[in-house]
Amino acid sequence: MPKLKTKRGAAKRFKLTGSGKIKRSKAYCSHILTKKNAKRKRGLRQSGLIDASNLKSIKRLLPYG
């Protein structure tokens with residue numbers, strides 16, 4: 001069987017943790033930041049985890065991740 005290709009867009013957006021969960025960055029923190037308060041922007045800097053309902057489809061995009 002040939003090697004599977006990784007979807008490069010997904011590889012740039014998601015990273016695997018040591019326990020096998022998938023880490024992601026939060027949305028809404030790239031522009032129009034003046035109307036967002038400091039607490040909200042601080043929370044958006046933290047990384048989040050992929051929800052269990054999306055886990056299977058994301059793992060399919062990252063076959064060797």
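See the structure shown above.
In this text the structure is predicted, and so the values were computed from the model without any measurement.

## Re a nonpolar patch on the surface
Stage number 1. On the surface, a cluster of nonpolar side chains totalling about 460 Å² of accessible area is made up of Met1, Leu4 and Tyr64.
Stage number 2. When you line up the elements, Leu4 lands in the segment before helix 1 (8–13).

## Some remarks on the sheet that holds strand 1 (residues 14–16)
Stage number 1. With respect to topology, 3 strands assemble into an open sheet ordered 1-2-3, the strand pairing being antiparallel. What marks the edges here is a single partner per strand, and that holds for strand 1 and strand 3 (48–49).
Stage number 2. In terms of strand pairing, strand 1 meets strand 2 (residues 22–24) through 3 bridges, oriented antiparallel. Residue pairing across strands places Leu16 opposite Ile22, the latter belonging to strand 2.

## Focus on the environment of Lys23
Stage number 1. Looking at the secondary structure, you find Lys23 in strand 2.
Stage number 2. In this structure the C-alpha to C-alpha distance between Lys23 and Lys12, which are 11 residues apart in sequence, comes to 11 Å.
Stage number 3. In contact with Lys23, not counting residues within four places along its chain, are Arg13, Phe14, Lys15, Thr17, Ser47, Gly48 and Leu49.

## Section: the nonpolar core
Stage number 1. Judged by nonpolar contacts, Ala10, Ala11, Phe14, Ile22, Ile50, Ile58 and Leu62 together constitute the single largest core of 7 residues.
Stage number 2. Once you skip the residues sitting within four places of it in the chain, Leu62 turns out to touch Thr6, Ala10, Ala11, Phe14 and Leu16.

What counts and what doesn't
Residues numbered from 1 in each chain as written. Predicted model: local features only at pLDDT ≥ 70, side-chain atom pairs only at ≥ 80, totals over all residues. Heavy atoms only, no water. Patch = residues over 30% accessible without salt bridge, like charges linked within 9 Å, V, L, I, M, F, W, Y side chains within 5 Å. Areas by Shrake-Rupley, 256 points an atom, 1.4 Å probe, with all protein chains shown as cover. Salt bridge = Lys/Arg side-chain N within 4 Å of Asp/Glu carboxyl O. Helix = DSSP H or I, 4+ residues; strand = E, 2+ residues; numbered from the N terminus. Pairing = 2+ DSSP bridges. Contact = heavy atoms within 4.5 Å. Core = buried A, V, L, I, M, F, W, Y, C linked by side-chain atoms within 4.5 Å. Buried < 20%, exposed > 50% of the residue type's maximum accessible area, 1.4 Å probe, protein only.

In short, shape yes, function no, at least from these values alone.
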